[in-house]
Amino acid sequence: MSGPAASKIAEMECVILCGGLGTRLREETEFKPKPMVEIGGRPILWHIMRHYSSFGVRNFVLCLGYKGEVIRDYFLNYRFRNADVAVTLADNNIEILGQTNVDDWRVVLADTGPETQTGGRIKRAIKHVRGKRFFATYGDGVSNVDIATLLDVHEKRGLEATVTAVHPSSRYGEIDIQEGTVHTFQEKPQVGQGWINGGFFVFERPVFERASDNPKMVLETDILPPLAQSRQLAAHHHDGFWQCMDTFREMQMLNEMWQSGRAPWLR
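Below you will find a few notes about this structure. (Residues numbered from 1 in each chain as written. Predicted model: local features only at pLDDT ≥ 70, side-chain atom pairs only at ≥ 80, totals over all residues. Heavy atoms only, no water.)

**Some words on the overall build of the protein**
Step number 1: Counting its regular elements, the protein contains 10 helices and 16 strands.
Step number 2: Taking all 267 residues of the protein together, the buried fraction comes to 50%.
Step number 3: In the form shown here, the protein has an accessible surface area of approximately 12,800 Å², with 47% of it arising from carbon and sulfur atoms. (Helix = DSSP H or I, 4+ residues; strand = E, 2+ residues; numbered from the N terminus. Buried < 20%, exposed > 50% of the residue type's maximum accessible area, 1.4 Å probe, protein only. Areas by Shrake-Rupley, 256 points an atom, 1.4 Å probe, with all protein chains shown as cover.)

Take a look at the structure:
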């Protein structure tokens, strides 16, 4: 990917929510945060970042919370994890052997608190966002959503935020879209059909600059519905692959896709 669009994307940060408890995946999350649960030997967080990176994103802000030290350790030792190394035990000198193919990412590890809610996490992380707009997503879902097209939709609509709309499951927030603009946003309805909140957002920075400092602020109930009510929330319709990893069964399914060579979220 090249040209003006690639240049714009390269300058933007992607804020990733990594602090939730992941209670429905307790088999894995008792000892690590859900974004570190592995698909094909790599954390799902790495898969998400790699997808954004394939469109030119190289700046990431990770909103750490529950067991954030596991994510911190992973990235502080990232280069050593992906290379042959020699350790001189007498002085603890570490030598990287040969060429290493390490991702060219700048990763901010932002401690946003153990019990902070989704909106509060982005609010606390906004100080690390250097541009006027940024990408944001959840740390537990993979998709083949076109990030360049998502940004193009956001810029053409000219609104304060854009959400990627995917096809439904009643567990997720349903959104009513009319002529490309979200009119209502209902988090986790008991019944309903249509499009749901798939994450993969673009936000203008002022959305969170003016938001409350309350750590209990929830993105899905305190930020997105008011944006929808004021007609400032656009929708990017995504008909392709999208899958969250909330349960052990979903983790197994994603690993089976990887092992079979059918991992549609990778480019």
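From this point, things continue past the structure.
**Considerations on the packing of aromatic side chains**
Step number 1: The full count for this structure, using the stated rule, is 13 aromatic pairs.
Step number 2: Ring plane angle 70° and centroid distance 5.9 Å describe the contact between Tyr138 and Phe201, whose orientation is recorded as edge-to-face. Separated by 63 residues along the polypeptide, Tyr138 in strand E8 (residues 133-138) and Phe201 in strand E14 (residues 201-204) bring together distant segments of the chain.
Step number 3: Exposure remark for Phe201: the relative accessible area of 1% places this residue in the buried category.
Step number 4: An aromatic cluster is defined as three or more aromatic residues linked by ring pairs; in this entry it consists of Phe60, Tyr74, Phe75, Tyr78 and Trp105. (Phe/Tyr/Trp six-rings, centres within 6.5 Å; stacked < 30°, edge-to-face > 60°.)

**Observations concerning the pattern of salt bridges**
Step number 1: With the rule as written, the count across this model stands at 13 salt bridges.
Step number 2: A salt bridge links Lys34 to Asp246; the nearest nitrogen and oxygen atoms lie 2.8 Å apart. Of this pair, Lys34 sits in the loop between helix H2 (26-29) and strand E2 (38-39) while Asp246 is found in the loop between strand E16 (242-244) and helix H10 (248-259), placing the two residues 212 residues apart along the sequence.
Step number 3: In this structure Lys34 comes out as buried when scored by relative accessible area, which is 9%.
Step number 4: Residues joined by salt bridges that share partners form a network here, namely Lys8, Arg133, Glu155 and Glu204. (Salt bridge = Lys/Arg side-chain N within 4 Å of Asp/Glu carboxyl O.)

**Regarding the pairing of strand E6 (residues 93-97)**
Step number 1: Two strands pair when backbone bridges link them, and strand E5 (residues 84-88) and E6 are joined in this way by 5 bridges, in the antiparallel orientation. Residue pairing in the sheet places Thr88 in a bridge with Asn93 of E6.
Step number 2: Linkage of E5 to E6, two consecutive antiparallel strands, is achieved through a turn of 4 residues, within which Asn92 is found at a positive phi near 60°. (Pairing = 2+ DSSP bridges.)

**A word on helix H6 (residues 118-125)**
Each turn of an α-helix holds 3.6 residues, which means side chains three or four residues apart point in the same direction.
Step number 1: In terms of burial, H6 is a largely internal element, 6 of the 8 residues being buried.
Step number 2: Contacts made by the buried residues of H6 are with strand E1 (13-18), strand E4 (59-64), E8, helix H8 (206-209) and helix H9 (219-229). (Contact = heavy atoms within 4.5 Å.)

**Things to note about the nonpolar core**
Side chains that are nonpolar tend, in soluble globular proteins, to be buried together.
Step number 1: In this structure, Ile16, Tyr52, Phe60, Leu62 and Phe135 are the most contacted members of the largest nonpolar core, which totals 44 residues.
Step number 2: Every element with two or more residues in this core is listed here: E1, helix H3 (44-53), E4, helix H4 (68-76), helix H7 (147-157), E16 and H10.
Step number 3: When residues in this core are grouped by element, the largest group, 6 residues, is from H3.
Step number 4: When sequence neighbours within four positions are dropped, the list of residues in contact with Phe60 reads Cys14, Ile16, Met49, Tyr52, Ser53, Trp105, Arg106, Val107 and Val108.
Step number 5: Counting residues in each nonpolar core, the second largest holds 29 residues, with Cys63, Phe134, Val207 and Leu233 among its members. (Core = buried A, V, L, I, M, F, W, Y, C linked by side-chain atoms within 4.5 Å.)

**Examining the state of the cysteines**
Step number 1: Applying the stated criterion across every chain, the model contains 0 disulfides.
Step number 2: Sulfur of Cys18: no disulfide; nearest cysteine sulfur belongs to Cys63 and is 6.8 Å away. (Disulfide = S-S within 2.5 Å.)

**Here we look at the environment of Gln243**
Step number 1: On the secondary structure map, Gln243 appears in strand E16.
Step number 2: For the pair Gln243 and Val166, spaced 77 residues apart in the sequence, the C-alpha separation amounts to 9.7 Å.
Step number 3: Not counting residues up to four positions away in its chain, the partners in contact with Gln243 are Asp140, Gly141, Val142, Glu250, Met253 and Leu254.

**Some details on the pairing of E4**
Along any regular strand the residues' side chains alternate between the sheet's two faces.
Step number 1: Summarising burial for E4: 6 of the 6 residues are buried, a large majority.
Step number 2: Residues Asn59, Val61 and Cys63 line one face of E4 and the alternating positions Phe60, Leu62 and Leu64 line the opposite face, and both faces are buried.
Step number 3: Pairing of E4 with strand E7 (residues 106-111) involves 6 bridges; the strand directions are parallel. Residue Leu64 lies in a different strand from E7, and its bridge partner there is Asp111.

**A look at the environment of Ile16**
Step number 1: Relative to the helices and strands, Ile16 is located in strand E1.
Step number 2: By relative accessible area, Ile16 is classed as buried at 0%.
Step number 3: It is 8.5 Å that separates the C-alpha atoms of Ile16 and Phe135, two residues lying 119 residues apart in sequence.
Step number 4: Setting aside residues up to four positions removed in sequence, Ile16 forms contacts with Leu45, Ile48, Met49, Phe60, Val61, Leu62, Cys63, Thr137, Tyr138 and Gly139.

By themselves, these figures tell us nothing about what the structure is for.
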